[in-house]
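# Architecture and fold: a report
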Amino acid sequence: MALRIGNRQARWLWLQAQGLSDTPTGPLDLQDTIRRLGYVQLDTIQNVTRAHHHILWSRNQNYREPMLDRLLGEDRAVFEHFTHDASVLPMEFYPMWQRQFRRLGDKVAGYASFQKAVAEIGGEEIKARIAAEGPLSTQAFDTKVTGKKQMWDRPPHKRVMDQLWYAGELATSHRLNFTKYYDLSERVIPSHHREFDHDDEGQIDWLCRNALDRLAFGSLGEIQRFWDAVNAKETRLWADSAKDAVTVEVENHEGQWLKALAPPDIEVRLATLSRPTTRLRIINPFDPAVRDRNRLLNLFGFRYRNEMFVPAARRQWGYYVYPILEGDRFVGRIEIKADRAASHLRVTQYWPEPAARRFAARHDRLSAELARLARLIGVGQVLWECDRL
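Computed from a predicted model, the values in this text were never measured in an experiment.

Definitions and cut-offs
Residues numbered from 1 in each chain as written. Predicted model: local features only at pLDDT ≥ 70, side-chain atom pairs only at ≥ 80, totals over all residues. Heavy atoms only, no water. Salt bridge = Lys/Arg side-chain N within 4 Å of Asp/Glu carboxyl O. Helix = DSSP H or I, 4+ residues; strand = E, 2+ residues; numbered from the N terminus. Buried < 20%, exposed > 50% of the residue type's maximum accessible area, 1.4 Å probe, protein only. Core = buried A, V, L, I, M, F, W, Y, C linked by side-chain atoms within 4.5 Å. Contact = heavy atoms within 4.5 Å. Pairing = 2+ DSSP bridges. 1 Å grid on protein atoms, 1.4 Å probe; cavity = no way out; pocket = protein on both sides within 12 Å on 5 of 7 lines; lining within 4 Å. Points joined across faces, edges and corners; volume = space filled by probe spheres on them. Nonpolar A, V, L, I, M, F, W, Y, C, P; charged D, E, K, R; others polar. Axes fitted to C-alpha atoms, helices over the stretch in contact; angles between N-to-C directions. Polar contact = N/O pair within 3.5 Å; in protein donor to acceptor, adjacent residues only side chain to side chain. Parallel < 35°, antiparallel > 145°, perpendicular 65-115°, else oblique.

### Re the pattern of salt bridges
- Throughout the structure, instances matching the rule amount to 29 salt bridges.
- Of the charged contacts, one joins Asp 244 and Arg 209 as a salt bridge, the two residues approaching to 2.7 Å between their closest N and O atoms. Here Asp 244, found in the loop between helix H12 (232-241) and strand E7 (246-251), pairs with Arg 209, found in helix H10 (residues 200-215); they are 35 residues apart in sequence, far enough to count as distant.
- Residue Asp 244 is classed as partly exposed on the basis of its relative accessible area of 35%.
- Judged by relative accessible area, which is 31%, Arg 209 ranks as partly exposed.
- Here Arg 225 and Asp 292 are joined by a salt bridge, their closest N and O atoms 3.1 Å apart. Remark: Asp 292 occurs in the loop between helix H14 (288-291) and helix H15 (293-300) and Arg 225 occurs in helix H11 (residues 220-227); sequence separation between them is 67 residues.

### Thoughts on the nonpolar core
- Within the largest apolar cluster, 56 residues are counted, with the highest numbers of intra-cluster contacts made by Trp 227 and Trp 238.
- It is H10 that contributes the most residues to this core, seven residues altogether.
- Excluding residues that lie within four positions of it along the chain, Trp 227 makes contacts with Gly 38, Tyr 39, Thr 83, His 84, Leu 89, Phe 93, Trp 97, Trp 206, Leu 207, Asn 210, Ala 211 and Arg 214.

### What to know about the pairing of strand E6 (residues 179-184)
- The element E6 is largely enclosed, with a buried count of five among its six residues.
- Two strands pair when backbone bridges link them, and strand E5 (residues 170-176) and E6 are joined in this way by six bridges, in the antiparallel orientation. Within E6, the position partnered with Thr 172 by the bridge is Tyr 182.
- Counted along the chain from E5 to the antiparallel partner E6, the turn is two residues long, and its residue Asn 177 has a positive phi close to 50 degrees.

### Some remarks on empty space enclosed by the protein
- This structure, assessed with the given rule, holds three cavities of 30 Å³ or more.
- The space that makes up the largest cavity amounts to roughly 100 Å³.
- In this structure, the largest cavity is lined by Trp 14, Tyr 39, Leu 215, Glu 222, Arg 225, Phe 226, Pro 288, Arg 291, Asp 292 and Arg 295.
- Mapped by element, the contributors of at least two residues to the lining of the largest cavity are H11 and H14.
- The residue inventory of the lining of the largest cavity, partitioned by class, reads five nonpolar, no polar and five charged.
- Volume-wise, the second largest cavity comes out at about 80 Å³.
- Lining the second largest cavity we find 13 residues, and of these Phe 79, Glu 80, Leu 170, Ala 171 and Thr 172 sit closest to its centre.
- Mapped by element, the contributors of at least two residues to the lining of the second largest cavity are strand E3 (78-82) and E5.
- Looking at the lining of the second largest cavity residue by residue, the classes come out as eight nonpolar, four polar and one charged.

### Here we look at the sheet that holds strand E1 (residues 3-5)
- Taken together, the three strands give an open sheet; going across it, the order is E1-E7-E8, and neighbouring strands pair in mixed fashion. Across the chains shown, the open sheet's two edge strands, defined by having one partner strand only, are E1 and strand E8 (257-262). Averaged over all neighbouring strand pairs, the angle between strand axes comes to 35 degrees, with direction disregarded.
- Two strands pair when backbone bridges link them, and E1 and E7 are joined in this way by three bridges, in the parallel orientation. Residue pairing for E7: Arg 4 is matched across the bridge by Glu 249.

### A short note on the environment of Gly 332
- Mapped onto the elements of the fold, Gly 332 is located in strand E11 (residues 329-339).
- When its relative accessible area of 0% is taken as the criterion, Gly 332 is described as buried.
- It is 34 Å that separates the C-alpha atoms of Gly 332 and Arg 70, two residues lying 262 residues apart in sequence.
- What Gly 332 contacts, discounting residues up to four positions off in sequence, is Phe 302, Tyr 322, Pro 323, Ile 324, Trp 351, Pro 352 and Glu 353.

### Description of the environment of Thr 348
- Considering the arrangement of structural elements, one finds Thr 348 in strand E12 (residues 344-352).
- Considered as a pair, Thr 348 and Asp 387 are 39 residues apart in the sequence and their alpha carbons are 9.1 Å apart.
- Apart from residues lying up to four places away in sequence, Thr 348 is in contact with Glu 335, Ile 336, Glu 385 and Cys 386.
- Of note is the side chain of Thr 348, whose polar atom sits 2.9 Å from the side chain of Glu 335.

### Digging into the packing of helix H7 (residues 123-133) against helix H8 (residues 156-166)
- The contact between H7 and H8 brings their axes to 10 Å, and the two run at 80 degrees. Between H7 and H8, the angle is such that the two are roughly perpendicular. Here H7 contributes Gly 123, Ile 126 and Lys 127 to the contact with H8, which in turn contributes His 157, Val 160, Met 161 and Leu 164.
- Residues belonging to the contact of H7 with H8 are distributed by class as follows: four nonpolar, two polar and one charged.

### Description of the layout of surface pockets
- Considering only enclosed or pocket space, the largest pocket measures out at about 1600 Å³ in volume.
- Forming the boundary of the largest pocket are 43 residues, of which Phe 82, Asp 85, Ala 86, Arg 154 and Tyr 166 lie nearest the centre.
- Listed by contribution, the elements that provide at least two residues to the lining of the largest pocket are E3, helix H5 (98-109), helix H6 (112-118), H8 and E6.
- One number sums up the size of the second largest pocket: a volume of about 300 Å³.
- Taken together, 19 residues make up the lining of the second largest pocket; nearest its centre are Gly 19, Asp 22, Thr 33, Arg 36 and Arg 59.
- Elements represented by at least two residues in the lining of the second largest pocket include exactly helix H1 (7-17) and helix H2 (30-37).
- By residue number, the principal contributor to the lining of the second largest pocket is H2, which donates four residues.

Quick look at the structure:
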């Protein structure tokens, strides 16, 4: 009979695996935080603070914005590449990313837009300039988009540089005000990481096992989507041969039991499981804890979508809306916006969940979290522009 994991246990396991179970204080080990998460998604939008900074700060509120840039550009402790989106990953994962370089490099090289771009400026020309001049951003090149411009158009040199980056021939050297600088991979990635040569089967096994370890339990689809570096068939074949993965049944928020796999230490995790902190946290829309919307709905009954790219007239909530986590429940969502020049953090909308009773203690916790977030970005005042309760 399969091991059964009740819904509350499942929520606690997931929050523990995500580093959201403990109070986010104490000594900060940034490398270990990223290693435990597996990856941290990067995003350009600085609504309050950029997503990657917010994600790391949510795990330990001693984190500050310059720390990740130093870890990437100076310490070489992480590298940038693509999971389901652009992300930073621990440098020691690099040997297991070789097939992802091939998969994405070949995929992008097959695009008609790339074929058109490479006819104008070749990859060897770009690499020769970088070899001679050092790390360069796309601003160092001057090819232009021709013809009618579309939303996602990029100049030829940007398309070619990105293909080289996807293929692992170029790597992110550093970022300056979030502008990416490309360098030859051999000048960024330590040689002992580049020289490993694992076969595809070994890499698939590593990717699936490490996804399951960070999920604490998961369906085949959740395992596949974690890195988005294996396909459905590869995940299924791995599961068929994974002798130490544990078959479990997990209760969703409606009381239904769903089949899943769990890592071999699942019973130890359950035996040592403790109630999450009651600390209220404002979670970034790109946080890995909420990225898989189906998993979020199944576990917490919280229906969420990111509406940034939804036309304003069709939005149910707003442009940049943050889920609110309290203990083991998502109790609402909030729309906030930083005005750094005026030293304000503005609260423009607040929507408690229907089942989350409004009471003063929760409002106090929310106010405390907003004040902490304001301190992170160095603004002096939180302004409420909507009803507080």
